[in-house]
Amino acid sequence: MSRSRAVQAVLLASVAVLVTACGGGPDGAGGGTSQAAGAPASGIPDTAAIVRGVQKDAQLNAALPDAVKQAGLHLASNLQSAPNNFYAADGKTPIGYEVDLAKAVAAKLGVPVTHQDMAFGSLITSLQSGRVDLTMAGMNDTKARQAQIDFVDYFTSGITIMIRKGNPDAITGPDALCGKNVAVVQGTSHQKFATEQSTKCTQAGKPAITVTATDSDNQNQNQLRTGRVQAILNDLPSAVYISRTAGEGKFFEVVPGEPIDGGPYGIGVNKTNTALRDSVQKALQALIADGTYGKILQAWGVEQGAIKEAAVNGGQ
């Protein structure tokens, strides 16, 4: 992960009021995220119809391991990272764009899927031991992790620039940060990028970036709202979700464009279970081809991270 799980927990704290006002649908291959009455439409989308529209592929179902055909998919996640995966108002229903993608993949394979919440550090070992069939938790597909498990890539994340609503400071990309005050969380890849970008600014004869490093996203958001900084650097899903939910979407927005220094998130599969890996890859690719994948990402506002090919072990 490019961010620590502690930072993600801070993000969750900042949107806790929103989450407790929202509900979720049943956790199964045929259900999506349901929106509770009164929930902001910009925060928790209603994706149930999208997921229900997925049709079973008989050939993909036939290629599944017998154990999965009989018991369905057991998927492990770390359910505390909005909008990737988190709990609805009932405190027990997983929701998020990853949850919807998992349900859609399961529906295409013709089996149910159940989510198991566990510590991020336990995901790979649980997969290796056979406790679960898959993992899906905003985990970067890297060469180091590929030595332990296989991945089916489903999303590209990276650094995103968050600005005040209406873009009063005319920030259109990294080059426009020169001479601006930019907030980051201490010790993250965002801080490293901001420092490197500031050097590029000065080398080009432009003013340096004033980098403000804090301990939390909350501090950064307060500084951006009050104009003490002109931009925040954050991961794509987090930045999009904050922009859509903070102040009911009236405070911030995300600068359009592909993620900076992006890399893929991958669905983890045991290296010995190539039949399941290949079935999941084909199911996801079919969802990309028929538009279901794009509809789910668009509903959650994270279409900037969409991929065109569900590669196996495509991370570097």
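The shown structure was predicted, so the numbers you read here are calculated from the model rather than taken from an experiment.

Novice: Give a description of the pattern of salt bridges that names residues and reports values.
Specialist: One pass over the full model with this rule turns up 7 salt bridges. A salt bridge links Asp-66 to Lys-69; the nearest nitrogen and oxygen atoms lie 3.9 Å apart. Placement of the pair is Asp-66 and Lys-69 together in helix α5 (residues 66-71), with a separation of 3 residues, close to one helical turn. On the basis of relative accessibility, which here comes to 34%, the residue Lys-69 falls in the partly exposed class. One salt bridge connects Arg-277 with Asp-278, and the closest N-O pair in it is separated by 3.0 Å. Residue Asp-278 is classed as partly exposed on the basis of its relative accessible area of 30%. Salt bridges here are not isolated pairs; linked through shared partners, they connect Asp-150, Lys-271, Arg-277 and Asp-278.

Novice: How would you sum up the state of the cysteines? Please name residues and give values.
Specialist: Two cysteines joined by a covalent bond between their sulfur atoms form a disulfide. Inspection of every chain in the model, using the stated rule, returns 1 disulfide. Across the disulfide, Cys-178 is cross-linked to Cys-201 (sulfur-sulfur distance 2.0 Å). Every disulfide takes its handedness from the sign of the S-S torsion; for Cys-178 and Cys-201 that torsion is -80 degrees, giving left-handed. In this pair, Cys-178 is assigned in the loop between β6 (150-164) and β7 (181-185) and Cys-201 in helix α9 (residues 189-203), connecting sequence segments 23 residues apart. With relative accessibility at 1%, the residue Cys-201 sits in the buried group.

Novice: So what's going on with the packing of helix α6 (residues 97-109) against helix α13 (residues 292-300)? Which residues, and what values?
Specialist: Relative to each other, α6 and α13 sit at 160 degrees, their axes nearing to 10 Å. As the angle between them shows, α6 and α13 are arranged roughly antiparallel. Note that α6 runs across α13; the crossing there is right-handed. When α6 is examined against α13, the residues Tyr-97, Asp-100, Leu-101 and Ala-104 are found in contact with a partner set consisting of Thr-292, Tyr-293, Ile-296, Leu-297 and Trp-300. Residues of the contact of α6 with α13, tallied by class, amount to 7 nonpolar, 1 polar and 1 charged.

Novice: Give me the lowdown on the packing of aromatic side chains, citing residues and values where you can.
Specialist: Inspection of the entire model under this criterion finds 6 aromatic pairs. Seen from their ring centres, Phe-251 and Phe-252 are 6.0 Å apart, and the 70 degrees between their planes marks the pair as edge-to-face. Given the relative accessible area of 1%, Phe-252 is considered buried. Taken together through their ring pairs, the aromatic side chains of Tyr-97, Tyr-154, Phe-155 and Tyr-265 make up a single cluster. Lying across the ring of Phe-251, Arg-225 places its NZ or CZ 3.7 Å from the centre.

Novice: Quick rundown of the environment of Gln-316? Include the residues and the values.
Specialist: As for its position among the elements, Gln-316 is in the segment after α13. Its relative accessible area of 72% is what places Gln-316 among the exposed residues. Spatially, the C-alpha atoms of Gln-316 and Gly-263 are 7.9 Å apart, while their sequence positions differ by 53 residues. From its side chain, Gln-316 meets the backbone oxygen of Gly-314 in a polar contact 3.5 Å long.

Calculation rules
- Residues numbered from 1 in each chain as written.
- Predicted model: local features only at pLDDT ≥ 70, side-chain atom pairs only at ≥ 80, totals over all residues.
- Heavy atoms only, no water.
- Salt bridge = Lys/Arg side-chain N within 4 Å of Asp/Glu carboxyl O.
- Helix = DSSP H or I, 4+ residues; strand = E, 2+ residues; numbered from the N terminus.
- Buried < 20%, exposed > 50% of the residue type's maximum accessible area, 1.4 Å probe, protein only.
- Disulfide = S-S within 2.5 Å.
- Axes fitted to C-alpha atoms, helices over the stretch in contact; angles between N-to-C directions.
- Parallel < 35°, antiparallel > 145°, perpendicular 65-115°, else oblique.
- Left-handed = near helix turned anticlockwise from the far one by under 90°.
- Contact = heavy atoms within 4.5 Å.
- Nonpolar A, V, L, I, M, F, W, Y, C, P; charged D, E, K, R; others polar.
- Phe/Tyr/Trp six-rings, centres within 6.5 Å; stacked < 30°, edge-to-face > 60°.
- Lys NZ or Arg CZ within 6 Å of the ring centre and 35° of its normal.
- Polar contact = N/O pair within 3.5 Å; in protein donor to acceptor, adjacent residues only side chain to side chain.

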